[in-house]
Amino acid sequence: MKDMLGAFPVDMTSMQDAFKTQATLGEKLSKVALDAAEKSTEISTKWTKETLGKVGDVTAVKADPADYTKAMTDFASAQAEMTAESMAAFAEIAKKVQMETVELMMAAGKDISEDASAAVKKATAEVTSAAKKATAAK
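Just so it is clear, the model here is predicted, and its values are computed rather than measured.

Student: I'm lost on the overall build of the protein chain in this one. Help?
Tutor: In terms of helices and strands, the protein chain carries three helices and zero strands. In the protein chain, buried positions account for 13% of the 138 residues. Residue pairs in contact within the protein chain that sit at least 24 positions apart in sequence constitute 83% of those at least 6 positions apart. Carbon and sulfur atoms provide 65% of the accessible area of the protein chain, an area that totals close to 10,400 Å².

Student: Would you take a moment to explain empty space enclosed by the protein for this structure?
Tutor: Once rolled over the atoms, a probe with the size of a water molecule shows which space is left empty. On inspection of all chains with the given rule, the structure shows one cavity of 30 Å³ or more. The volume enclosed by the largest cavity comes to roughly 60 Å³. When residues of the lining of the largest cavity are traced back to their parent elements, those giving at least two are α2 (13–59) and α3 (65–137). Partitioned by chemical class, the residues of the lining of the largest cavity number four nonpolar, no polar and four charged.

Student: Would you mind showing me how to read the pattern of salt bridges here?
Tutor: Opposite charge on two side chains allows them to pair when their charged atoms are near. Evaluation of the coordinates by the stated rule reveals five salt bridges. The shortest N-O distance in the salt bridge between Glu92 and Lys95 comes to 3.5 Å. Residue Glu92 and its partner Lys95 are both found in helix α3; the two are separated by three residues, about one turn of the helix. A residue is classified by how much of its surface remains accessible, and Lys95, at 42% relative accessible area, is partly exposed. The partner of Lys96 in a salt bridge is Glu100, with the nearest N and O atoms 3.6 Å apart. One end of the pair, Lys96, and the other, Glu100, are both in helix α3, four residues apart, so they sit about a helical turn from each other.

Conventions used here
Residues numbered from 1 in each chain as written. Predicted model: local features only at pLDDT ≥ 70, side-chain atom pairs only at ≥ 80, totals over all residues. Heavy atoms only, no water. Helix = DSSP H or I, 4+ residues; strand = E, 2+ residues; numbered from the N terminus. Buried < 20%, exposed > 50% of the residue type's maximum accessible area, 1.4 Å probe, protein only. Contact = heavy atoms within 4.5 Å. Areas by Shrake-Rupley, 256 points an atom, 1.4 Å probe, with all protein chains shown as cover. 1 Å grid on protein atoms, 1.4 Å probe; cavity = no way out; pocket = protein on both sides within 12 Å on 5 of 7 lines; lining within 4 Å. Points joined across faces, edges and corners; volume = space filled by probe spheres on them. Nonpolar A, V, L, I, M, F, W, Y, C, P; charged D, E, K, R; others polar. Salt bridge = Lys/Arg side-chain N within 4 Å of Asp/Glu carboxyl O.

See the structure below:
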């Protein structure tokens, strides 16, 4: 039994290739996520700075009480515009992340399929060869 099992070769390169493929995919997906986080942070920072700048206008002392109403109306209008712009920018980031992720997953699926197919062909050839040797040795 020991001789028979020893006759069947075990090649770990297919496992190493699969690990490398997974590690590469993980690296690429991490890059996509980190880029999205960086861009989202930039949008949030810009939005916050602009909001704080507008709040300064609202809190300034006014000579006429009607000016307070105008300042609040202007602030609300500017905030609505900034919100729409920021949400559109966040949506663009999300769309880009989705597209890049789908492309990466499709490419990885193709690579994994090709690796698996090559490993199965190689293993089949090795097992066939080992079986022929084992039967010839009898």
